[in-house]
There are 2 protein chains.
Amino acid sequence: MLTYTEENYLKAIYHLSGEDQREVSTNAIAEALLTKPASVTDMLRKLADKSLVHYVKYQGVSLTRKGRKEALLVVRKHRLWEVFLVDKLKFNWDEVHEMAEQLEHIQSTILIDRLDAFLDYPSFDPHGDPIPDQKGDLKIRKKFLLSDVPVAFSGKVIALADTSPVFLQYLDRLAICPGCAIQVTDKIEFDGSLELLLNAKKKIVISNEVAKNLYVH
Amino acid sequence: MLTYTEENYLKAIYHLSGEDQREVSTNAIAEALLTKPASVTDMLRKLADKSLVHYVKYQGVSLTRKGRKEALLVVRKHRLWEVFLVDKLKFNWDEVHEMAEQLEHIQSTILIDRLDAFLDYPSFDPHGDPIPDQKGDLKIRKKFLLSDVPVAFSGKVIALADTSPVFLQYLDRLAICPGCAIQVTDKIEFDGSLELLLNAKKKIVISNEVAKNLYVH
DNA sequence: ATAAAAATTTAGATGAATCTAAAAAATAAA
DNA sequence: TTTATTTTTTAGATTCATCTAAATTTTTAT
Ligand SMILES: [Mn+2]
Ligand SMILES: [Mn+2]
Ligand SMILES: [Mn+2]
Ligand SMILES: [Mn+2]
């Protein structure tokens, strides 16, 4: 069994190491968890003792197969609870993170599987992120940053790089959400801002900063 | 804000002090929380410092108005989650206690109020226990132990003194649950066992031990 | 009323998770 | 390639919740 804190560390390392599961630095973890580097070092030793991470002093850390699985089971719980909060309790997608942050630590496999069934086996959370299965397996979709895509590109928003409330609220105002159809009608050289056709009917302009936080396919 | 452990202590003291909110002993709390008397003493001093309990060394403990309110808010969360688990996730009433024991510590007033609405403002949990309101107020119903009631008594089961899985499973077998109509058709002098008419159609016999764990009105 | 038993509290330790301050190692700059 | 800067780790404390063993207080029994 993992402690509350160990689960949070594993999840943070998982998120920080990205698609390619690269090594994560002590400072990066400290910043993500609002803690100090010294505390992170202690915990890394503890996680290494439990074979949850590969850790060599001064050389960063990465998840073992076991650690990655545990991390993904926490991610599964987090995202399923988010779906519950938005679909059933009618919260807005920018309000659910804090609550899911606690709910993800409820320990009961049967509970989370029943919740999964109750929600009708969703594949994605309200922010467009995929939900791992019972075994902690995740199917990865190819995705591109909207800021890297060429003019005339046509596709759908499938995920967000930033999921902070301010960004989510701004997306609400722009009427952008995962699933939206997007066509890049123009790209401004000067500042990288984009002119888009949203859902084949609405014309909008977004800054490069926004485009860098939207994944499309 | 209360810690996870403080919430558990307050709830235990609330349950142990009963209807009339009598003083609770250190040993009783230790037994209820599967901990040692020495640990309880430490915590009582801490709770007293926070004005959550009235505590005089060697003389037992009782909840202050503030402590009672906090305890009832935990009870509210516990019972609402139990309703969710049984009504929505289709768990049996004997399976939900452990999970609710964790869920009751999720900290978000708005979450629990939304859950309340989602469940259609239930008044009782799956075991027949009343659910306190947002302010931590509870309406108490008069109730009698089935074992104390005279022959020919007619009424309904409204709560259980014991809610352990074994007892709940036995009640399932007898088809007794909160809300059931009960008529006492005979009482055996020898061992206090009762002959009942259940829901005006089924005749059953229960031991005095069972009758002592059923509340009726 | 005194002695024995039970309940409760204190003293001192432990493990988990955190911190600050100082030392050591790795990286970047001159 | 030295030196300076940044990153990371160690050393030593702190807080929370727990424990065991010993000392107190209260309660019960003789
Ligand atoms: Mn969390
Ligand atoms: Mn999410
Ligand atoms: Mn609990
Ligand atoms: Mn209950």
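Above this text is the structure in question.
As the structure is a prediction and not an experimental result, all values here were calculated from the model. (Residues numbered from 1 in each chain as written. Chains lettered and ligands numbered in written order. Predicted model: local features only at pLDDT ≥ 70, side-chain atom pairs only at ≥ 80, totals over all residues. Heavy atoms only, no water.)

1. Thoughts on the packing of aromatic side chains
Short version of the rule: Stacked, tilted and edge-to-face pairs are distinguished by plane angle, under 30 degrees for stacked and over 60 for edge-to-face with tilted covering the rest, among Phe, Tyr and Trp rings (Trp via its six-membered ring) whose centres lie within 6.5 Å. Secondary structure counts use DSSP, requiring at least four H or I residues in a row for a helix and at least two E residues in a row for a strand, with both numbered from the N terminus. Between buried and exposed lies partly exposed: a residue is buried under 20% and exposed over 50% of the maximum accessible area for its type, with that area taken using a 1.4 Å probe on protein chains only. Criterion for a charge above a ring: Arg CZ or Lys NZ at most 6 Å from the ring centre, at most 35 degrees from the ring normal.
Overall, the coordinates contain 7 aromatic pairs over all chains when judged by the stated rule. When the ring of F84(A) is compared with that of F118(B), the centres are 6.1 Å apart and the planes differ by 80°; the resulting orientation is edge-to-face. Residue F84(A) is found in helix α4 (residues 65-88), and its partner F118(B) is found in helix α6 (residues 109-118); the two belong to separate chains. For F84(A), a relative accessible area of 0% corresponds to the buried category. With a centroid separation of 5.6 Å and an interplanar angle of 80°, the aromatic rings of W81(B) and F84(B) are classed as edge-to-face. Linking W81(B) with F84(B), this pair stays in helix α4 (residues 65-88), spanning 3 residues, or about one helical turn. When its relative accessible area of 1% is taken as the criterion, W81(B) is described as buried. In this structure an aromatic cluster arises from ring pairing among W81(A), F84(A), F118(A), W81(B), F84(B) and F118(B). Of note, R114(B) hangs over the ring of F91(A), and the distance from its end group to the ring centre comes to 4.3 Å. When the ring centre of Y215(B) is taken as origin, the NZ or CZ atom of K143(B), which lies over that ring, is 4.3 Å away.

2. Topic: the protein's contact with DNA strand C
Definition in use: The near set for a molecule or strand comprises every residue that places at least one heavy atom within 4 Å of it. N or O atoms within 3.5 Å of each other form a polar contact, as long as, within protein, one can give a hydrogen and the other can take it, and as long as residues adjacent in sequence are counted only when both atoms are side-chain atoms.
Taken together, 21 residues form the shell around DNA strand C, and within it T3(A), S39(A), K46(A), Y55(B) and K57(B) come nearest. Restricting attention to atoms of DNA strand C within 4 Å of the protein, one finds that 78% of them are sugar or phosphate atoms. Contact distances for DNA strand C include 3.1 Å between a phosphate oxygen and a backbone N or O atom of K36(A). In the environment of DNA strand C, a phosphate oxygen lies 2.5 Å from a nitrogen or oxygen atom belonging to the side chain of S39(A).

3. Here's the deal with the protein's contact with DNA strand D
Counted only if it meets this: Three classes are used, and their members are as follows: Ala, Val, Leu, Ile, Met, Phe, Trp, Tyr, Cys and Pro are nonpolar, Asp, Glu, Lys and Arg are charged, and the others, Gly among them, are polar.
Near DNA strand D lie 21 residues; those nearest to it are Y55(A), K57(A), T3(B), S39(B) and K46(B). In DNA strand D, atoms within 4 Å of the protein come from the sugar-phosphate backbone in 76% of cases. Here N27(A) contributes a backbone N or O atom positioned 2.9 Å from a phosphate oxygen of DNA strand D. Here Y58(A) contributes a backbone N or O atom positioned 3.0 Å from a phosphate oxygen of DNA strand D. Secondary-structure elements contributing two or more residues to the surface near DNA strand D are α2 (26-32) and α3 (37-49) of chain A together with α1 (4-17) and α3 (37-49) of chain B. Of the residues forming the surface near DNA strand D, the biggest block, 5 residues, is contributed by α3(B). Its residues assigned to classes, the surface near DNA strand D comprises 8 nonpolar, 8 polar and 5 charged.

4. Concerning the relation of the copies chain B and chain A
For the pair of chain copies, the relating operation is a rotation around an axis with a shift along it. So the rule is basically this: Alignment of copies: least-squares fit on C-alpha atoms of residues with pLDDT of at least 70 in both copies. The contact criterion used is simple: two residues touch if any of their non-hydrogen atoms lie within 4.5 Å.
When chain B is fitted to chain A, the residual RMSD is 0.1 Å, and the transformation amounts to a turn of 180° plus an axial shift of 0.0 Å. One copy is carried onto the other by what is essentially a two-fold rotation axis. No C-alpha of chain B lies nearer the rotation axis than that of L103(B), which sits 3.9 Å from it. Take the interface residues of chain B: 100% of them recur as interface residues in chain A, which is what a same-surface contact looks like.

5. Things to note about the coordination of the manganese ion (ligand 2)
Residues and elements named next belong to chain A. The condition that has to hold: The donor set covers N, O and S atoms within 2.8 Å of the metal, switching to 3.2 Å for Na, K and Ca, and it leaves out water, so a site may look short of donors.
Taken together, the protein donors to the manganese ion (ligand 2) comprise E82 (OE), D125 (OD) and H127 (ND1), at separations of 2.1 to 2.3 Å. Here the donor residues for the manganese ion (ligand 2) map to a single chain with the spacing E-x42-D-x1-H. Taken as a pair, E82 in helix α4 and H127 in the loop between α6 (109-118) and β3 (144-145) lie far apart in primary sequence, 45 residues in all. Each of the two residues, E82 as well as H127, counts as buried.

6. Looking at the coordination of the manganese ion (ligand 3)
N8(B) (OD1), E101(B) (O), E101(B) (OE), E104(B) (OE) and H105(B) (NE2) make up the full set of protein donors to the manganese ion (ligand 3), lying at 2.1 to 2.7 Å. Linear spacing of the donor residues for the manganese ion (ligand 3) on their chain is N-x92-E-x2-E-H.

7. Brief notes about the sheet that holds strand β5 (residues 181-187) of chain B
Residues and elements named next belong to chain B. Test applied: Note on pairing: DSSP must find at least two bridges between two strands before they are called paired. Helix axes are fitted only over the stretch in contact, all axes being lines through C-alpha atoms; the angle between N-to-C directions runs from 0 to 180 degrees.
Ordered in space as β3-β8-β4-β5-β6-β7, the 6 strands form an open sheet in which the pairing is antiparallel. Strands with a single pairing partner mark the edges of an open sheet, and in this sheet they are β3 (144-145) and β7 (202-206). Packed on one face of the sheet, helix α7 (residues 165-174) meets β4 (154-160), β6 (194-198), β7 and β8 (214-216) and runs near 145° to β7.

8. Looking at the sheet that holds β3(A)
All names here are of chain A. With respect to topology, 6 strands assemble into an open sheet ordered β3-β8-β4-β5-β6-β7, the strand pairing being antiparallel. In the strand order of this sheet, the two ends are held by β3 and β7 (202-206), each with one partner. Sheet strands in contact with helix α7 (residues 165-174) are β4 (154-160), β6 (194-198), β7 and β8 (214-216), and its direction is about 145° off that of β7.

9. Focus on the interface of chain B and chain A
To be explicit about the condition: We define buried area as the total accessible area lost by two parts upon association, computed with a 1.4 Å probe and summed across both. A side-chain nitrogen of Lys or Arg and a carboxyl oxygen of Asp or Glu constitute a salt bridge if their distance falls within 4 Å.
Each side of the interface is counted separately: chain B has 19 residues, and chain A has 19 residues. Surface buried jointly by chain B and chain A totals about 1,600 Å² across both partners, of which 74% is contributed by carbon and sulfur atoms. It is L89(B), Q102(B) and R114(B) in chain B that bury the most area against chain A; as a group they hold 31% of the surface buried on that side. Connecting chain B to chain A are 0 salt bridges. In this structure, the connection of chain B to chain A is made through 6 residue pairs in polar contact (both at pLDDT 80 or more). Of all elements in the fold, only α4, α5 (97-103) and α6 of chain B reach the threshold of two or more residues within the side of chain B that touches chain A. Sort the elements by how many residues they give to the side of chain B that touches chain A and α6(B) lands first, with 5 residues. Residues belonging to the side of chain B that touches chain A are distributed by class as follows: 12 nonpolar, 4 polar and 3 charged.

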